[in-house]
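Chain by chain, the residues run as shown.
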Amino acid sequence: MTPGVNAAEKYERAVVLRKAGLFKQAVEEFEQAAAESGYALRAYAQIGLCHKLRGRHEDAVAAFREALKSSPGSTKEKVQILYVLGRSLEVLGRMEETLEAYRWIRREDPDYRDVAQRIQHLSSKRWSGSSGRAAQPSWVTGVLRSWQSLLGTTK
């Protein structure tokens, strides 16, 4: 971090850069702010938004996951991050992970935005033409465990 410039100033500078559309520079500032644990969750979430706005969804997913791992955060913050994570995963076509993110949101905040409709739409697309729910692939169980680990819960 630049001498004499604290994490709060780095974070605020980065927000201004992001709003100005200078995403690469904003990411650099957010990364420096994230070095201080008190700013890690918010800074990584903002890094994810910058990547998402640049169309770099894989990088956005990595940043959102880092945000979820970085500090406890409130349920509201986690739900917001999970939503943009889910949207990024959806763009990438990673439907199992997308559904898992949306299902976590529904458990925490059943009325959050359009999550119920997204789950219904993705589930009907996925299972259309099958008689009932197909067997869950074993890798889905691994994804579920990783979500539990990221969120620090066993719901």
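Worth saying up front: this structure is predicted, and the values here are computed from it rather than measured.

J.: Pulling in residues and values, what's your account of the overall build of the protein chain?
T.: Helices and strands together make up the secondary structure of the protein chain, namely 8 helices and 0 strands. What you see in the protein chain, going N to C, is helices and strands ordered as α-α-α-α-α-α-α-α. For the protein chain, the proportion of its 155 residues judged to be buried stands at 43%. Partitioning the intrachain contacts of the protein chain with sequence separation of at least 6 by distance along the chain shows that 52% fall at a separation of at least 24.

J.: Any chance you could break down the pattern of salt bridges for me, citing the residues and the numbers?
T.: Scanning the entire structure with this criterion turns up 10 salt bridges. When the shortest N-O distance is used, the salt bridge between Arg94 and Glu97 registers 2.9 Å. Note on Arg94: relative accessible area 22%, which makes it partly exposed. Owing to a relative accessible area of 14%, Glu97 belongs among the buried residues under this scheme.

J.: Now, about the layout of surface pockets: what can you tell me, with residues and values included?
T.: If you add up the space inside the largest pocket, you get close to 190 Å³. Contributions of two or more residues to the lining of the largest pocket are made by α3 (37-53) and α5 (75-91). The residue inventory of the lining of the largest pocket, partitioned by class, reads 8 nonpolar, 2 polar and 3 charged.

J.: Describe the environment of Leu92, naming the residues involved and giving the relevant values.
T.: Counting through the fold element by element, Leu92 comes out in the loop between α5 and α6 (95-108). Its relative accessible area of 30% is what places Leu92 among the partly exposed residues. Ignoring anything within four residues of it in the chain, the contact list for Leu92 reads His57, Glu58 and Val61.

J.: Could you give an account of the side chain of Arg18, naming the residues involved and the relevant values?
T.: Looking at where Arg18 falls in the secondary structure, it is placed in helix α1 (residues 7-19). Within the buried set, Arg18 has no salt-bridge partner at all; the shortest N-O distance to an opposite charge, 9.3 Å, is to Glu12. Sequence-distant contacts of Arg18, that is, excluding residues within four places in its chain, are made with Phe23, Ala26, Phe30, Gln46 and Cys50.

J.: Any chance you could break down α5 for me, citing the residues and the numbers?
T.: If you check α5, its first and last C-alpha atoms are 24 Å apart, about what 17 residues at 1.5 Å a residue would give, namely 24 Å. Within the sequence span of α5, burial applies to Lys78, Val79, Ile81, Leu82, Tyr83, Val84, Leu85, Gly86, Ser88, Leu89 and Glu90.

About the cut-offs
- Residues numbered from 1 in each chain as written.
- Predicted model: local features only at pLDDT ≥ 70, side-chain atom pairs only at ≥ 80, totals over all residues.
- Heavy atoms only, no water.
- Helix = DSSP H or I, 4+ residues; strand = E, 2+ residues; numbered from the N terminus.
- Buried < 20%, exposed > 50% of the residue type's maximum accessible area, 1.4 Å probe, protein only.
- Contact = heavy atoms within 4.5 Å.
- Salt bridge = Lys/Arg side-chain N within 4 Å of Asp/Glu carboxyl O.
- 1 Å grid on protein atoms, 1.4 Å probe; cavity = no way out; pocket = protein on both sides within 12 Å on 5 of 7 lines; lining within 4 Å.
- Points joined across faces, edges and corners; volume = space filled by probe spheres on them.
- Nonpolar A, V, L, I, M, F, W, Y, C, P; charged D, E, K, R; others polar.
- Lys, Arg positive; Asp, Glu negative; His and termini not counted.
- Expected span 1.5 Å × (residues − 1).

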